[in-house]
Amino acid sequence: MFNEFELYKISTLLRKYSLTCMKDQGYTSINFPTPSSPGVTKHNERRYGITDGLLASRLGYRIPSIKKGSTSSTNTTTLSADEEFTLTGGSTKPGELGKGGRNKFNKKVPAGGCSGVALKKIGYFPGDTPGNPTKVQALDKESFAGSLKSDRVKRSLEKWSLCMRDNGYTYAPEPFSASNDHRFATRWVTKLEKDVATADTRCKQSSHLLTIWSAEETKIQRSLITEHQKELYGIQKQRDTTLSIIERRSESSS
Amino acid sequence: MQKVRGIAAAALSVTALFTLAPSASASGDGTCQTDKDACFYYNSNLGGAKVDLDDCWGYNHANFTFIGPGNGAGLTLKNNAASVQNWQHSNWLYVYYNSNEQGPRQEVSPWAWVNLNSTLKNNNASSIFYETGC
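We now turn to the structure provided with this report. None of the values given here were measured: they were computed from a predicted structure.

A closer look at unusual backbone geometry
Residue and element names in this part refer to chain B.
Thinking step 1. In the segment running from Gly68 into Pro69, the intervening peptide bond is cis, with an omega of 10°.
Thinking step 2. Locating Pro69 in the fold gives a position in the loop between β4 (59-60) and β5 (83-86).
Thinking step 3. In the Ramachandran plot, Asn100 falls in the positive-phi region, its phi being about 55° despite a non-glycine side chain.
Thinking step 4. Summarising the element assignment, Asn100 is placed in the loop between β6 (93-98) and β7 (102-108).
Thinking step 5. Backbone geometry at Glu101 places phi at a positive 55°, although glycine is not the residue there.
Thinking step 6. Within the fold, Glu101 resides in the loop between β6 and β7.

Following this line, the structure appears as structure tokens:
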């Protein structure tokens, strides 16, 4: 699967090549924002719920966000219909491949527009959806669901629940029972939410929940990899090809 | 349909912590904006009522309702979505089973749409774009 840093590189190249194409098509003053680099938060880091005690004490269960484009020159402008046509080739909605044609500068816009040109540069076809294949995402969910049926994980969750009770909070031995507490559906984080989230991270440690859970899920993942070896091999090959192109293109643009 | 593009003149390097905002003016207006929004639909294959969430924050779905016309209008987004569109050209969207981006997730590629899988269909609780901020 592509990790956050690989997706960042893909995103950066897609924007760069879309922009180059737009300029070639006559839109010389157009600009797209540079993607912000990952680093502060990874969007999969809460697979097993909150784990960062310091963050929990400051934000409860709320997510920290990366602010992008914070300079005063940042603004938002409406794309003209012809700019939109040049970018998409005439696609009016996600999933629809634009047929292309001629834009107002009488330049020939290919099928898929400049977005399609950018995709071709990194080894995809116009209209393709770069990212993690459905099969990989399905296995990812299968291993997660399977891990929750493990006796070791269930016992750890029981210990976590007892620990939470010792701290004065009653929650079922389920992974997200504390964070899903309806009392936390407030506009701003409350002291109670911060206290519960902090206790949650401490109880995860004392019950060894994360260590046990990730070990059990890893076992299931290895089994699934063996079971689906043939399909995953093809996916791996495609991934390696894409990464190789991205590395080459990233180096040549830096 | 409004079409927007962001123009940033400087490198994007400033990071800061922001708590999850339950709502924002650009989200939940019923309009799917190019290079800005994700649009969630009540029915599969982009059917029924919809609601848009922008890329400013990660959002808990309990704070939004589907906007008509169509099936599901007025119902909360949480645990009621069946399909979703990503209206951004180079930004990935993640939809999560739990609030605050916890637990399993489904990825939606740029300029694509999906029916939510069996784990997430009618079990959607939060979502966030790979890249967030306004």
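Observations regarding helix α6 (residues 151-166) of chain A
All names here are of chain A.
Thinking step 1. Between its terminal C-alpha atoms α6 stretches 23 Å, which fits the 22 Å expected from 16 residues at 1.5 Å a residue.
Thinking step 2. Where α6 is concerned, the buried positions are Val153, Ser156, Leu157, Trp160, Ser161, Cys163 and Met164. Down the axis of α6, the buried side of the element spans an arc of 160°, and every buried residue falls inside it. Opposite the buried face of α6, by more than 90 degrees, sit the exposed residues Asp151, Arg155, Lys159, Arg165 and Asp166.
Thinking step 3. The inward-facing, buried residues of α6 contact α5 (134-147), α7 (191-206) and α8 (209-227).
Thinking step 4. A distance of 3.2 Å separates the backbone nitrogen of Arg152 from a side-chain oxygen at the start of α6, and that oxygen is part of Ser150.
Thinking step 5. The first or second residue beyond α6 is Gly168, which carries a positive phi of 100°.

Quick word on the pairing of strand β2 (residues 37-43) of chain B
Residue and element names in this part refer to chain B.
Thinking step 1. Of all seven residues that make up β2, five are buried, and the element is covered over most of its length.
Thinking step 2. As judged from the six bridges shared by β2 and strand β3 (residues 47-54), these two strands associate in the antiparallel manner. Along β3, the bridge assignment pairs Ala38 with Leu53.
Thinking step 3. Pairing between β2 and β5: four bridges, direction antiparallel.

Structural notes on the sheet that holds β5 of chain B
Residues and elements named next belong to chain B.
Thinking step 1. Here we have four strands laid out as an open sheet, ordered β3-β2-β5-β8, and antiparallel in their pairing. Both edges of this open sheet fall to β3 and β8 (112-115), since each of them pairs with a single strand only. When the angles between neighbouring strand axes are averaged without regard to direction, this sheet yields 20°.
Thinking step 2. By the bridge criterion, four bridges tie β5 to β8 in an arrangement that is antiparallel.

Focus: the state of the cysteines
All names here are of chain A.
Thinking step 1. Inspection of every chain in the model, using the stated rule, returns three disulfides over all chains.
Thinking step 2. Two residues share a disulfide in this structure: Cys163 and Cys203, whose sulfurs sit 2.0 Å from each other. Every disulfide takes its handedness from the sign of the S-S torsion; for Cys163 and Cys203 that torsion is -75°, giving left-handed. Placement of Cys163 in helix α6 and of Cys203 in helix α7 is noted, with a sequence separation of 40 residues between them.

Brief notes about the packing of aromatic side chains
How two aromatic rings sit relative to each other is given by the distance of their centres and the angle of their planes.
Thinking step 1. In this structure the tally under the stated criterion is eight aromatic pairs over all chains.
Thinking step 2. The interplanar angle of 45° and the centroid separation of 5.6 Å between the aromatic rings of Phe144 of chain A and Trp213 of chain A together place this pair among those described as tilted. Of this pair, Phe144 of chain A sits in helix α5 while Trp213 of chain A sits in helix α8; the two residues are 69 residues apart in sequence, bridging distant segments of the chain. For the pair Phe144 of chain A and Trp213 of chain A, one class covers both residues: buried.
Thinking step 3. Consider the rings of Tyr42 of chain B and Phe66 of chain B, whose centres lie 5.7 Å apart with planes at 80°: the pair is edge-to-face. On the criterion of sequence distance, the pair formed by Tyr42 of chain B in strand β2 and Phe66 of chain B in the loop between β4 and β5 is long-range, its members being 24 residues apart.
Thinking step 4. A network of ring pairs unites the aromatic residues Tyr48, Phe144 and Trp213 of chain A as a single cluster.

Regarding the side chain of Asp37 of chain B
All names here are of chain B.
Thinking step 1. Mapped onto the elements, Asp37 comes out in strand β2.
Thinking step 2. Despite being buried, Asp37 has no salt bridge partner; Lys36 is the closest side chain of opposite charge, sitting 6.6 Å away.
Thinking step 3. A distance of 2.9 Å separates a polar side-chain atom of Asp37 from the backbone nitrogen of Gln33.

Let's talk about the sheet that holds β6 of chain B
Residue and element names in this part refer to chain B.
Thinking step 1. Taken together, the four strands give an open sheet; going across it, the order is β4-β9-β6-β7, and neighbouring strands pair in antiparallel fashion. What marks the edges here is a single partner per strand, and that holds for β4 and β7.
Thinking step 2. Where β4 meets strand β9 (residues 126-129), two bridges bridge the pair, whose relative direction is antiparallel. Residue pairing across strands places Asn60 opposite Ser126, the latter belonging to β9.

Here we look at α7 of chain A
Residue and element names in this part refer to chain A.
Thinking step 1. Taking 1.5 Å as the rise per residue, α7 with 16 residues should run 22 Å; its terminal C-alpha atoms sit 23 Å apart, in good agreement.
Thinking step 2. By the burial criterion, the buried members of α7 are Glu193, Val196, Ala197, Thr198, Ala199, Asp200, Thr201, Cys203 and Lys204.
Thinking step 3. Next to the buried residues of α7 lie α2 (53-59), α6 and α8.
Thinking step 4. One or two residues past the end of α7 sits His208, with phi positive at roughly 55°.

Notes on the pairing of β7 of chain B
All names here are of chain B.
Thinking step 1. Counting buried positions along β7 gives seven out of seven residues, so the element sits mostly inside the fold.
Thinking step 2. Two elements, β6 and β7, share five bridges in a ladder whose sense is antiparallel. Directly across from Val95, in β7, lies its bridge partner Gln106.
Thinking step 3. Between β6 and β7, which follow one another and run antiparallel, lie three residues, and Asn100 among them has a positive phi close to 55°.

Thresholds, definitions, all that
Residues numbered from 1 in each chain as written. Chains lettered and ligands numbered in written order. Predicted model: local features only at pLDDT ≥ 70, side-chain atom pairs only at ≥ 80, totals over all residues. Heavy atoms only, no water. Helix = DSSP H or I, 4+ residues; strand = E, 2+ residues; numbered from the N terminus. Expected span 1.5 Å × (residues − 1). Buried < 20%, exposed > 50% of the residue type's maximum accessible area, 1.4 Å probe, protein only. Arc of directions from axis to C-beta. Contact = heavy atoms within 4.5 Å. Polar contact = N/O pair within 3.5 Å; in protein donor to acceptor, adjacent residues only side chain to side chain. Pairing = 2+ DSSP bridges. Axes fitted to C-alpha atoms, helices over the stretch in contact; angles between N-to-C directions. Disulfide = S-S within 2.5 Å. Phe/Tyr/Trp six-rings, centres within 6.5 Å; stacked < 30°, edge-to-face > 60°. Lys, Arg positive; Asp, Glu negative; His and termini not counted. Salt bridge = Lys/Arg side-chain N within 4 Å of Asp/Glu carboxyl O.

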